[in-house]
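Examining the three-dimensional arrangement
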Amino acid sequence: MAALASASTNVHQDFLSGLSPEGLAFFNDVCARNFADQATSFLNAYWGEIGSQAEFIFSVAIERFRYADMHSKGVSLIHLYEDGVQLDFNIGLYFYEKLCKKLEDEPAWAADKWAMSQPEMMTAITRKKELRDKVDVNFDGKVSFLEFLLYQYREFANPGDFITRSIATSAEHPEIAAARRALEEVNKAIAAFEAEKSRLTELAEKPGVKGLGAKHQLAAIDAGPLWEQLDRSLITAEAKVRIATRKYGAGGSALNRAIRSASTGGEEEPAPPQCGSSEGTLWWMNRDLEEKKKRYGRRGK
């Protein structure tokens, strides 16, 4: 037993090698953010290596991670769910079970183009040991989405390198921050719209005048004030995301040059391809907006 514990500690020491106290604090700060922020931080750091897998991370990995988190919290309706931060080991096992099931049920995600994103098959006992010994970087008994991503793409990613790349470009330009806030407003509008829709759907099942009135309101909800507010928030977010993408897309070069310029006395150089950027954040915001417009925008309707 002592030998097993020692082996586990050694694995963690190897994984944490090169991390300064400041680096570990930075890493823990990223792990304390919600799943989406953890994902974009990883994509920003490794866009050159992982950009081709962004769709898998967005449509499969984080979706299953959220599903596992909702399951653990007993939340069944998405509008009642707030993006989580980390999973317990047992829920981490549940996540991997659901992730593997997703690939089974939807073979397109098991195609060769997504090979580096597909989890290795293993027993529950082996998986739990792997979570404890190799995934849980900061040894806190939890699994963050960032830790999952670092483990899944460990062929080229590791905590020390992630910290080095991320700290270099940790500043966020005000226009990117404004686009992010605009999307948060869309999320609030969606939550309000879906909450009312859920309330009316339940009420419409009741007999009599109340049920009939709820049915009429439900039929008109897609043109009501809550939807109008949602539509306005989508238009605002789209404009802000477009501005941020135009200025800081293409590898986030404008942001990176501004940061380097400030540190080199005004001398600007192109960022090396491996450097972190804002490209992951911009891709994620555009992809998130696309899904929201598809479901709630005028064209989607």
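This one's a predicted model, so the numbers in the text were calculated from it and none came from an experiment.

Let us look at the pattern of salt bridges. Throughout the structure, instances matching the rule amount to 24 salt bridges. Here Lys294 makes a salt bridge to Glu291, at a shortest N to O gap of 3.2 Å. Here the residue Lys294 and the residue Glu291 both occupy positions in helix H13 (residues 279–296), the gap between them amounting to three residues, near one helical turn. Judged by relative accessible area, which is 30%, Glu291 ranks as partly exposed. Residues participating in the shared-partner salt-bridge network are Glu55, Arg287, Glu290, Glu291 and Lys294.

Turning to the layout of surface pockets, a few remarks are in order. Computed from the structure, the largest pocket encloses a volume of approximately 1400 Å³. For the largest pocket, the lining is made up of 35 residues, of which Arg66, Ile78, Asn187, Asp288 and Lys292 are closest to its centre. Elements that contribute at least two residues to the lining of the largest pocket include exactly helix H3 (35–50), helix H4 (54–73), helix H9 (174–204) and H13. At nine residues, H13 tops the list of elements feeding residues into the lining of the largest pocket. A class-by-class count of the residues in the lining of the largest pocket yields 14 nonpolar, six polar and 15 charged.

When you line up the elements, Asp83 lands in the loop between H4 and strand S1 (86–88). Within the local environment of Asp83, its side chain forms a polar contact with the side chain of Arg66, the two groups lying 2.9 Å apart. Not counting residues within four places of it along the chain, the set of residues in contact with Asp83 comprises Asn34, Phe35, Ala36 and Arg66.

Glancing now at the packing of aromatic side chains. Inspection of every chain in the model, using the stated rule, returns 23 aromatic pairs. For the pair Phe35 and Phe145, a centre-to-centre distance of 6.4 Å together with 55° between the ring planes defines the contact as tilted. One end of the pair, Phe35, is in helix H3; the other, Phe145, is in helix H7 (residues 145–152), with 110 residues separating them in the sequence. Among the aromatic residues, ring-to-ring pairing joins Phe35, Phe65, Phe95, Tyr96, Phe145 and Phe148 into one connected group. Positioned over the ring face of Tyr67 is Arg64, at 4.5 Å from the centre of the ring. Positioned above the aromatic ring of Tyr151 is the side chain of Arg154, whose terminal nitrogen or guanidinium carbon lies 4.1 Å from the ring centre.

Before going further, it helps to spend a moment on the UniProt feature "coiled-coil region" (unreviewed entry) in the protein chain. Taking the numbering used here, the UniProt-annotated feature "coiled-coil region" (unreviewed entry) corresponds to residues 176–203. Here residues 176–203 is 100% helix and 0% strand, with 41 Å between the C-alpha atoms at its ends.

The biggest cluster of nonpolar side chains holds 49 residues, and the ones touching the most others in it are Phe42, Ile57, Phe145, Phe148 and Phe162. At the level of elements, helix H2 (21–31), H3, H4, helix H5 (89–105), helix H6 (124–135), H7 and helix H8 (159–168) are the ones that each hand at least two residues to this core. Ranked by residues supplied to this core, first place goes to H4 with 10 residues. Setting aside residues no more than four positions away along its own chain, Phe145 makes contact with Phe35, Gln38, Ala39, Ile57, Ala61, Ile62, Phe65 and Val85.

What follows concerns the environment of Leu218. Relative to the assigned elements, Leu218 resides in helix H10 (residues 208–220). On the accessibility criterion, Leu218 (25% relative accessible area) is partly exposed. In this structure, the C-alpha to C-alpha distance between Leu218 and Glu196, residues 22 residues apart in sequence, is 8.9 Å. Contact partners of Leu218, with chain neighbours within four places excluded, come to Lys197, Leu200 and Thr201.

We now examine the packing of H6 against H7. At a closest axis distance of 11 Å, the pairing of H6 and H7 adopts a crossing angle of 95°. Comparing their axes, H7 and H6 come out roughly perpendicular. Contact residues: H6 offers Glu130, Lys134 and Val135, while H7 offers Glu147, Phe148 and Tyr151. Split by residue class, the contact of H6 with H7 holds three nonpolar, no polar and three charged.

This paragraph deals with H5. Between the first and last C-alpha of H5 there are 24 Å, a value that for 17 residues agrees with the 24 Å anticipated at 1.5 Å per step. All of the buried residues along H5 are Phe89, Ile91, Gly92, Leu93, Tyr94, Phe95, Tyr96, Leu99, Cys100, Lys102 and Leu103. Tucked into the core, H5 has its buried residues touching H4, S1, H6, strand S2 (142–144) and H7.

Quick look at helix H11 (residues 225–248) now. For H11, built from 24 residues, the straight-helix expectation of 34 Å at 1.5 Å per residue is met to within 8% by its first-to-last C-alpha distance of 34 Å. Taken together, the buried positions of H11 are Trp227, Leu230, Asp231, Ser233, Leu234, Ala237, Val241, Ala244 and Tyr248.

Here the focus is the packing of H4 against H13. Two quantities define a packed helix pair, namely the angle between the axes and the distance from one axis to the other. Put simply, H4 and H13 touch, their axes get as near as 11 Å, and they point 55° apart. By the angle between their directions, the pair H4 and H13 is classed as oblique. Here the hand of the crossing between H4 and H13 comes out right-handed. Within the contact between the two elements, H4 uses Ala54, Glu55, Ile57, Phe58, Ser59 and Ile62 and H13 uses Trp283, Trp284, Arg287, Asp288 and Glu291. A breakdown of the residues in the contact of H4 with H13 according to their chemical character gives six nonpolar, one polar and four charged.

The rules behind the values
Residues numbered from 1 in each chain as written. Predicted model: local features only at pLDDT ≥ 70, side-chain atom pairs only at ≥ 80, totals over all residues. Heavy atoms only, no water. Salt bridge = Lys/Arg side-chain N within 4 Å of Asp/Glu carboxyl O. Helix = DSSP H or I, 4+ residues; strand = E, 2+ residues; numbered from the N terminus. Buried < 20%, exposed > 50% of the residue type's maximum accessible area, 1.4 Å probe, protein only. 1 Å grid on protein atoms, 1.4 Å probe; cavity = no way out; pocket = protein on both sides within 12 Å on 5 of 7 lines; lining within 4 Å. Points joined across faces, edges and corners; volume = space filled by probe spheres on them. Nonpolar A, V, L, I, M, F, W, Y, C, P; charged D, E, K, R; others polar. Polar contact = N/O pair within 3.5 Å; in protein donor to acceptor, adjacent residues only side chain to side chain. Contact = heavy atoms within 4.5 Å. Phe/Tyr/Trp six-rings, centres within 6.5 Å; stacked < 30°, edge-to-face > 60°. Lys NZ or Arg CZ within 6 Å of the ring centre and 35° of its normal. UniProt positions renumbered as here; feature names shortened; annotations may be inferred. Core = buried A, V, L, I, M, F, W, Y, C linked by side-chain atoms within 4.5 Å. Axes fitted to C-alpha atoms, helices over the stretch in contact; angles between N-to-C directions. Parallel < 35°, antiparallel > 145°, perpendicular 65-115°, else oblique. Expected span 1.5 Å × (residues − 1). Left-handed = near helix turned anticlockwise from the far one by under 90°.

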